[in-house]
Amino acid sequence: MAFAQNSAETEQIGDKNEAMVTQVGSNTATVYQGTQKYASNPAAVAEDNKATITQDGSFGAFVIQGDAGTALNSTSSISQSGTDGYAAVLQGVYNGGTAASTNASVVQEESGNTAQIRQGLAGSTEGGSASMTQSGSGNTGIIYQGVQAQSSSLDNTATLTQSGNNNSSTTILQGSMLSLAGPGSGAGIAENNTGTIIQNGSSNGTNGDGVRINQGINGGSAFNNTGYILQDGDLNNAIINQGVGNDMLSENSDASIYQYSDNNVASVDQIGINNSATITQN
């Protein structure tokens, strides 16, 4: 346990490890499991590991499991109470990283915070779950599952819940390309995934990257995916893209956007067959 202005770092090599960090004040915490500070050689493996970080105050928190390698059956949890903080969970990322049956959750209770969950970045992820809850206004939340070129996202779930106004960038990417702009510029496969965004507040998605769910885009394909966005408030913007790009395909996928109140904007883009799109605005 650490108080005031501190920095805590934990490095665990091997399987079935558990790390817990609790901090109050202006602090930074980092947990490495199955990795050696971004320099794993040979490729790291993190199996059956658990990491928990709890912070109250001004904070930054990072959990890295299976960096430049593989994360299996591992769990990460970050809980933060304060403003202008940052949280990141990385599982099975970089150099063809793999995340299988991993679980990641982030809870941020006040305003102006940023959180990212990345599973299978520049690689693949299967059977994983990611959840993010942000309260207050002006937050940024991003969940990546199987993104970047030649990536895949299979049988994953991602849920992002925000309460408050002016949340500028709220994004779920599954089996999608990140670095190159425009449809058809990369590759990614998204299959049997579910992405859910729930927002209670106004002026969400009007700045930054907007509120969006991308499944198998930028040269990718999307099969049997579900994208769901619910917004309750005014002046919100929502986008769902499935199988979007040159000669790309979306098949048997479902996209639903529900917006309640006034002056909202919604968009669904699907390329392929047997897809379903629903937009409801009241």
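If you're wondering where the values come from, they're calculated on a predicted model, not measured in any experiment. (Residues numbered from 1 in each chain as written. Predicted model: local features only at pLDDT ≥ 70, side-chain atom pairs only at ≥ 80, totals over all residues. Heavy atoms only, no water.)

**Looking at the environment of S129**
Turning to step 1, where the next piece is worked out: Tracing the sequence through the fold places S129 in strand β13 (residues 129–135).
Turning to step 2, where the next piece is worked out: In this structure, the C-alpha to C-alpha distance between S129 and A100, residues 29 residues apart in sequence, is 9.7 Å.
Turning to step 3, where the next piece is worked out: Residue contacts for S129: discarding those within four places in its chain leaves T102, N103, A104, Q119, Q145 and T157. (Helix = DSSP H or I, 4+ residues; strand = E, 2+ residues; numbered from the N terminus. Contact = heavy atoms within 4.5 Å.)

**Focus on the packing of aromatic side chains**
Turning to step 1, where the next piece is worked out: Evaluation of the coordinates by the stated rule reveals two aromatic pairs.
Turning to step 2, where the next piece is worked out: Ring centres 5.5 Å apart and planes at 40° place the aromatic pair F62 and Y86 in the tilted group. Remark: Y86 occurs in strand β8 (residues 86–91) and F62 occurs in strand β5 (residues 50–65); sequence separation between them is 24 residues.
Turning to step 3, where the next piece is worked out: Relative to Y258, the ring of Y228 lies with its centre 5.7 Å away and its plane at 45°, an arrangement referred to as tilted. In this pair, Y228 is assigned in strand β22 (residues 226–232) and Y258 in strand β25 (residues 254–260), connecting sequence segments 30 residues apart.
Turning to step 4, where the next piece is worked out: Since its relative accessible area comes to 23%, Y258 is described here as partly exposed. (Phe/Tyr/Trp six-rings, centres within 6.5 Å; stacked < 30°, edge-to-face > 60°. Buried < 20%, exposed > 50% of the residue type's maximum accessible area, 1.4 Å probe, protein only.)

**Topic: the confidence of the model for the protein**
Turning to step 1, where the next piece is worked out: Put simply, the protein has an average pLDDT of 86, and 88% of its residues get 70 or more.
Turning to step 2, where the next piece is worked out: Ranking the elements of the protein by mean pLDDT puts strand β1 (residues 2–3) last, at 46, and strand β10 (residues 103–108) first, at 97.
Turning to step 3, where the next piece is worked out: Note that pLDDT drops below 50 for residues 180–185; the model gives that stretch 13 contacts with residues more than four away or on any other chain. (pLDDT = per-residue confidence, 0-100.)

**Description of unusual backbone geometry**
With glycine set apart, most residues show a phi of negative sign, and most peptide bonds adopt trans.
Turning to step 1, where the next piece is worked out: The phi dihedral of N252 is positive, around 55°, even though this residue is not glycine.
Turning to step 2, where the next piece is worked out: The exposure class assigned to N252 is partly exposed, which follows from its relative accessible area of 36%.
Turning to step 3, where the next piece is worked out: Its identity as a non-glycine residue notwithstanding, S261 has a phi of 105°, on the positive side.
Turning to step 4, where the next piece is worked out: With respect to the helices and strands, S261 occurs in the loop between β25 and β26 (265–270).
Turning to step 5, where the next piece is worked out: The class of S261 is partly exposed, set by a relative accessible area of 34%.

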